[in-house]
Amino acid sequence: SAYTAWASGDIDTKMSADGESMREILQRASNSLYQLQRAASKNPGRSVVAVSHSSFLKVLLAVCQENNLLELRKTVQLENCCINVLDLPLVRFGSTPSKRIISSSPVLGGPLSRAPSNYSLKIPQSIVVRINEKQHLFGLQQECQVPLPS
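Residues numbered from 1 in each chain as written. Predicted model: local features only at pLDDT ≥ 70, side-chain atom pairs only at ≥ 80, totals over all residues. Heavy atoms only, no water.

**Let's talk about the pattern of salt bridges**
Throughout the structure, instances matching the rule amount to six salt bridges. Put simply, D10 and R114 hold a salt bridge, and the shortest N to O gap is 2.9 Å. Taken together, the positions of D10 in the loop between α1 (2-7) and α2 (22-42) and R114 in the loop between β2 (98-102) and β3 (120-124) put the pair 104 residues apart, joining distant regions of the chain. The partner of R23 in a salt bridge is D12, with the nearest N and O atoms 2.8 Å apart. Remark: D12 occurs in the loop between α1 and α2 and R23 occurs in helix α2; sequence separation between them is 11 residues. For R23, a relative accessible area of 32% translates into the label partly exposed. (Salt bridge = Lys/Arg side-chain N within 4 Å of Asp/Glu carboxyl O. Helix = DSSP H or I, 4+ residues; strand = E, 2+ residues; numbered from the N terminus. Buried < 20%, exposed > 50% of the residue type's maximum accessible area, 1.4 Å probe, protein only.)

Okay, structure coming up:
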């Protein structure tokens with residue numbers, strides 16, 4: 001599967017012929033994190049909300065936690081409408097703490113990664129606060145009479 005290829009560093013593999021490669025998804029994740037960080041910095045003390053699909057969110061969470069994508073995929077089943085909370089530092093004086101995802105990163109398979117040795121992607125330092133929060137759905141479940149997965 002594409003996830004298996006991505007988790008071992010094959011960053012140019014696409015999920016489908018017209019889909020994105022892991023390299024493209026990682027760049028989109030980095031861009032998204034920086035956009036969220038800029039929005040939060042313009043509104044200190046306020047929350048910033050973004051909505052996305054589970055495949056992209058799994059990559060984003062793996063990047064933020066520097067966790068192998070396959071491990072995250074096995075251990076975390078993101079429910080529809082779940083909330084994931086990230087804490088990103090505010091931009092201060094034009095700079096921000098950042099880290100790099102490199103070819104030997106756990107995201108790309110660690111020391112056995114097949115990613116190009118010169119691969120590097122800068123992302124803002126982030127803390128994953130909560131994953132797969134779904135408490136807000138329980139009231140809706142009763143109102144809509146829709147069963148929620150346990």
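The discussion continues.
**Structural notes on the confidence of the model for the protein**
In the predicted model, the protein carries a mean pLDDT of 85, and the fraction of residues at 70 or more is 90%. Per-element averaging of pLDDT across the protein places helix α5 (residues 137-144) at the bottom with 60 and β3 at the top with 94. (pLDDT = per-residue confidence, 0-100.)

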